Amino acid sequence: MSLVVVGSMAFDAIETPFGKSNKIIGGAATYIAWAASNFTRPIKQVSVVGGDFPESELKMLEARGVDMEGVQIKKDQRSFFWSGRYHMDMNTRDTLDTQLNVLADFNPVVPDSYQDCEFLMLGNLVPAVQLSVIDQLKNRPKLVAMDTMNFWMETAMPDLEKVLQKVDVLIINDSEARQLSAQFSLVKAAKEIMKMGPRYLIIKKGEHGALLFHEDGVFFAPALPLEEVFDPTGAGDTFAGGFIGHLARTKDISFANMKTGIIVGSAMASFCVEKFGTTRLKELKHGEIETRIRMFRDLVSFEIELEGD
Ligand code: AMP
């Protein structure tokens, strides 16, 4: 039984108020795999890269238990490229450039060896590709989670609506939730979005944490107050990787376990932002994760006696 991850593997160029990177390795599926491989293996990756994507990056992920059979390498084409600039608050950013390159005509082929998929994480990618992967799986996974972004709401809404109907958990940020639902209140937005398909909705609010909605229930996970945020790129994907990695490890898809999942996801995201790109995730030691989850527990636990208790 395995976790299948679908998403972009890419080059990014990032500008923050504190620094600027040249082309570095990024992509939603890259971050998801780095984060999730701390909790579960094998991870089976579905993506596409060009001949310019370093083989060493694929090898490093393979060494982490990430299967690359479903990653197509288009030798004479260029990898997906994304460039963004963060505002002073580091919570908002502008996309400066999106070059689809290999993603423009990506036709994913799910290998037979991926048919044991129990957990499916659809990282941010062309909705038609996300849909194709769901349709190629002969048995429906135990849980399908997906991420998406405003770019696809603006360019591929009909396909996005079809994918939404087939997933259990949607993970998006607050501005995307508002755009998707045309509601300002996140509670109203959640109600609207859950009518579109997903039974669970996670709304990420950057440095203000994340909300998990299900039916009439809602749970909140804070983000760890960090002294320095260096580069938030990939934090959302790292969050998703930690969340789905935790669920795949425990094989428990209850609401209660999803609450733990968003704490694990938040802890993973807090590492991601400490350095540019995937640097911090690559050097992460197992013991550090537990220490950080403990910090989350301390951050929110308090005692109070109430008359009705
Ligand atoms: P996040 O900061 O978690 O939203 O994710 C940032 C990552 O998403 C970057 O590494 C980009 O390469 C990737 N990305 C940005 N735009 C897109 C897009 N339109 N489709 C797929 N991946 C994207």
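Now for a look at the structure at hand. (Residues numbered from 1 in each chain as written. Predicted model: local features only at pLDDT ≥ 70, side-chain atom pairs only at ≥ 80, totals over all residues. Heavy atoms only, no water.)

1. Some remarks on the packing of helix H6 (residues 174–181) against helix H7 (residues 186–195)
- It is at 9 Å that the axes of H6 and H7 come closest, and there the two elements cross at 60 degrees. Relative to H7, the element H6 lies oblique. As for the relative orientation of H6 and H7, their crossing is left-handed in sense. When H6 is examined against H7, the residues Asp174, Ala177, Arg178, Leu180 and Ser181 are found in contact with a partner set consisting of Leu186, Ala189, Glu192 and Ile193.
- Tallied by class, the residues present in the contact of H6 with H7 amount to five nonpolar, one polar and three charged. (Axes fitted to C-alpha atoms, helices over the stretch in contact; angles between N-to-C directions. Helix = DSSP H or I, 4+ residues; strand = E, 2+ residues; numbered from the N terminus. Parallel < 35°, antiparallel > 145°, perpendicular 65-115°, else oblique. Left-handed = near helix turned anticlockwise from the far one by under 90°. Contact = heavy atoms within 4.5 Å. Nonpolar A, V, L, I, M, F, W, Y, C, P; charged D, E, K, R; others polar.)

2. Re the site of the ligand
- Around the ligand, the structure places 19 residues, and the nearest of them are Ser8, Asp12, Gly27, Gly234 and Asp237.
- With respect to the ligand, the side chain of aspartate 12 contributes an N or O atom lying 2.4 Å from an oxygen atom.
- Relative to its unbound accessible surface of 510 Å², the ligand loses 94% to contact with the protein.
- Counting only elements with at least two residues in the shell around the ligand, the list comes to strand S2 (10–16), strand S7 (80–86), helix H4 (150–155) and helix H8 (235–250).
- Per element, the largest residue contribution to the shell around the ligand is three residues, and it comes from H8.
- Of the residues assigned to the shell around the ligand, the class counts are nine nonpolar, seven polar and three charged. (Near = heavy atom within 4 Å. Polar contact = N/O pair within 3.5 Å; in protein donor to acceptor, adjacent residues only side chain to side chain. Areas by Shrake-Rupley, 256 points an atom, 1.4 Å probe, with all protein chains shown as cover.)

3. What about the nonpolar core?
- In terms of nonpolar packing, the biggest core is built from 56 residues, with Met9, Met121, Val169 and Ile202 touching the most fellow members.
- Once residues lying within four places of it in the same chain are set aside, the contact partners of isoleucine 202 are Val169, Leu170, Ile171, Ile172, Ala210, Leu211, Leu212, Phe239, Phe243 and Ile262.
- Grouped together as the second largest cluster of nonpolar side chains are 48 residues, Phe106, Cys117, Met146 and Ile172 included. (Core = buried A, V, L, I, M, F, W, Y, C linked by side-chain atoms within 4.5 Å. Buried < 20%, exposed > 50% of the residue type's maximum accessible area, 1.4 Å probe, protein only.)

4. Quick notes on the packing of aromatic side chains
- Counted under the stated rule, the structure contains three aromatic pairs.
- Each ring, one from phenylalanine 11 and one from phenylalanine 53, has its centre 5.8 Å from the other, and the planes form 45 degrees; the classification is tilted. With phenylalanine 11 in strand S2 and phenylalanine 53 in the loop between strand S5 (43–50) and helix H2 (55–63), the pair connects residues that are 42 residues apart, well separated along the chain. Of the two residues, phenylalanine 11 and phenylalanine 53, neither departs from the other in class, the shared state being buried.
- With 5.0 Å between their ring centres and 80 degrees between their planes, phenylalanine 230 and phenylalanine 276 make a pair best called edge-to-face. Taken together, the residues span a long stretch of sequence, with phenylalanine 230 in the loop between strand S14 (217–221) and H8 and phenylalanine 276 in the loop between helix H9 (255–272) and helix H10 (279–283) at a distance of 46 residues.
- Between arginine 178 and the ring centre of phenylalanine 184, over which it is positioned, the NZ or CZ distance is 4.1 Å. (Phe/Tyr/Trp six-rings, centres within 6.5 Å; stacked < 30°, edge-to-face > 60°. Lys NZ or Arg CZ within 6 Å of the ring centre and 35° of its normal.)

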